[in-house]
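# Overview (structure and organization)
So the chains spell out like this:
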Amino acid sequence: MLKIAIIGSGLASISAAKVLIDRGIRPTIIDCGDSLDVDRKKMVEKLSLLEPKSWNKKDLSLISANPTIHNKGEIPQKLAFGSDYFYGRVDRYQQVEFDECIPPFSYAKGGFSVGWGAAVLPPDENDLTSWPIGNKDLGHYYEMVLKGIPYSASNDALSSIFPLYSKSMSALELTAGNKEILKDLTNSVNTGKQKDVVAGQSRLLVQSSKSSADNGCKYCGQCLSGCVYGYIYKASNELDRLISLDKVDYISNSLVHSLSEEGNMVKIFLKNTENKLEEELFFDKVLLGAGAVNSTRIVLKSKKIYNKDVRLLSTVTFIAPVFRFKKIKIDWPKVNTQPGIFLEYKNGMQSNQWVHTQLSTPNELILDKLRVDFNKKGIIQWAKKKLVEHLVVAHGNIHSDDAGGYILSLRKAKEGDILHSKREKKISANIAVNKSVLRLFNILRKIGCIVLLPLVKNSIKSGSFHVGGTMPMMNNPINDTDTDILGTPKGWRNIHVIDSSVFPSLPGTTIGLLAMANAARIASKIEINQ
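To start, this report covers the structure provided alongside it. (Residues numbered from 1 in each chain as written. Predicted model: local features only at pLDDT ≥ 70, side-chain atom pairs only at ≥ 80, totals over all residues. Heavy atoms only, no water.)

### So, the overall build of the protein chain
Where we set the bar: Numbering of helices and strands runs from the N terminus, with a helix taken as a DSSP run of H or I at least four residues long and a strand as a DSSP run of E at least two residues long. Both definitions apply: the radius of gyration is a C-alpha atom measure, and the globule rule equals 2.2 Å times residues to the power 0.38. In what follows, residue pairs with any heavy atoms lying within 4.5 Å of each other are defined as contacts. We get accessible surface area from the Shrake-Rupley algorithm with a probe of 1.4 Å; when it comes to residues, only the shown protein chains can shield them. When charges are counted, Lys and Arg are positive and Asp and Glu negative, with His and the chain ends excluded. Charged groups are reduced to one reference atom each: NZ for lysine, CZ for arginine, CG for aspartic acid, CD for glutamic acid.
Helices and strands together make up the secondary structure of the protein chain, namely eleven helices and 20 strands. The globule rule puts the C-alpha radius of gyration for 530 residues at 24 Å, and the 23 Å found for the protein chain is close to it. Projected onto its principal axes, the C-alpha positions of the protein chain cover 70 × 50 × 45 Å. If you take every contact in the protein chain between residues at least 6 apart in sequence, the share linking residues at least 24 apart comes to 72%. When the accessible surface of the protein chain is totalled, it reaches about 22,600 Å², and 52% of it is carbon and sulfur. Put simply, the protein chain has 69 plus and 53 minus side-chain charges, and the middle of one group is 6 Å from the middle of the other.

Written as structure tokens, this is what we have:
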């Protein structure tokens, strides 16, 4: 049997692994595999055996506390069960130097899916204009990856531009406030006949209780801290399932630092993260899905490309508090606190790309930020509760064409190579954010909602977690870091990059589904005949 290794265990890697399994291949997944600390893991297991009403407040606080929401002037950091372990640190296994903010990378089992929001929306063809492939090439693979995994979605106005790519979905129950806002938005858009604005229920890789007689979202009000029941789709859980079915080999505690094609084989150079010993493994093919930053580092080192700038694309994010004049019914804590509404619109930039905005009524992080306690009385708590009854949060994401990225370069040093990152300054990013927020203001004011402009925050300085594009796919690769449409870097034959590194641009819509579909496409098309 052909030996194929997959480096990394994030969404793209697990998507590719499932395709290879269906093609009769038993892939080997090589991964650092960092995981949640023992105490929190035990607490997650304990609470997963109980109904939410039986949870102890002290136990819950261990896996739900998020001190970053109280950082002034910064967008809060999303944690997984109260831990930031899935965010790569500059001195964890390899050295990284940076100026203003560190580019996002992960060594975790499951990658960033460990802490993602599970929001999925395919890009519009208009957002893929720089790609050598389009939705006509990816459509089948959207359907493929959505088959067999939980999918909360509704066939609404969004579908006219952003297809569902599935007939097997079961929508979560929206909060009363989200239902009212979505109804008002839909009526406003239809009345105004706005072709560049569309709204609908959010699409999430979450198991709804409607889709199963026994299992599904319990509406416990703790979704943004992590689901102890495992109803939010994560690559790590899918990997555990494949391991339990004996479908893959999994090598953890292994940091891959370079690759080499030798004849018809690929040599993998790795270091054991526990005993620090160097190892070499041989495979017929390698699929590289370590995440945009780590995959780029591996290719640069493998090709001995030092002191050469490589641009890492990034989207730009903004968070805007919104005041709704009409009172919102607060159902918390018996709610799903993930975003309830997707609002897509264009901001008037020359690039003409879609801005992706998620709207939600107050979640557990917002309530904590405002220090609202529904069990306490007093004039201050009364005032805060009244504010919450009129509060909506908008989380926007803007296409990489209108955002600043990072400039990466690999440099030699005495104690090993150092990846240097410099935040890219791009004037259009500020313009795009301002235009996007202003357009949002004009859309929402028509339904009695006012964006609180002085309180809007953006990620221009702090950075976004949607990155890629260092090794863009193209029909005819030119540079050593360019790849063909199967993610093969120029000059190589049996190594395929399958993560967002190969995206020629990053849509404002969530990139998780796009990464999964493109990885599935590559894994389906690579030659596996011996």
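### Points about the pattern of salt bridges
As a reminder, the rule being used: A pairing counts as a salt bridge when a side-chain nitrogen of Lys or Arg comes within 4 Å of a carboxyl oxygen of Asp or Glu. Burial status follows relative accessibility: with a 1.4 Å probe on protein chains alone, a residue under 20% of its type maximum counts as buried, one over 50% as exposed, and anything between as partly exposed.
For the coordinates displayed, the defined rule picks out 21 salt bridges. Residue E238 is joined to K18 by a salt bridge in which the shortest nitrogen-to-oxygen separation is 2.7 Å. In this pair, E238 sits in helix α6 (residues 235-244) while K18 sits in helix α1 (residues 11-22), placing the two residues 220 residues apart along the sequence. With relative accessibility at 8%, the residue E238 sits in the buried group. With a relative accessible area of 22%, K18 lands in the partly exposed category. Taking the shortest distance from any N to any O, the salt bridge between K267 and E262 comes out at 3.3 Å. Overall, K267 belongs to the buried group, its relative accessible area being 12%. Three or more residues are tied together by salt bridges with common partners; here these are K18, E238 and R241.

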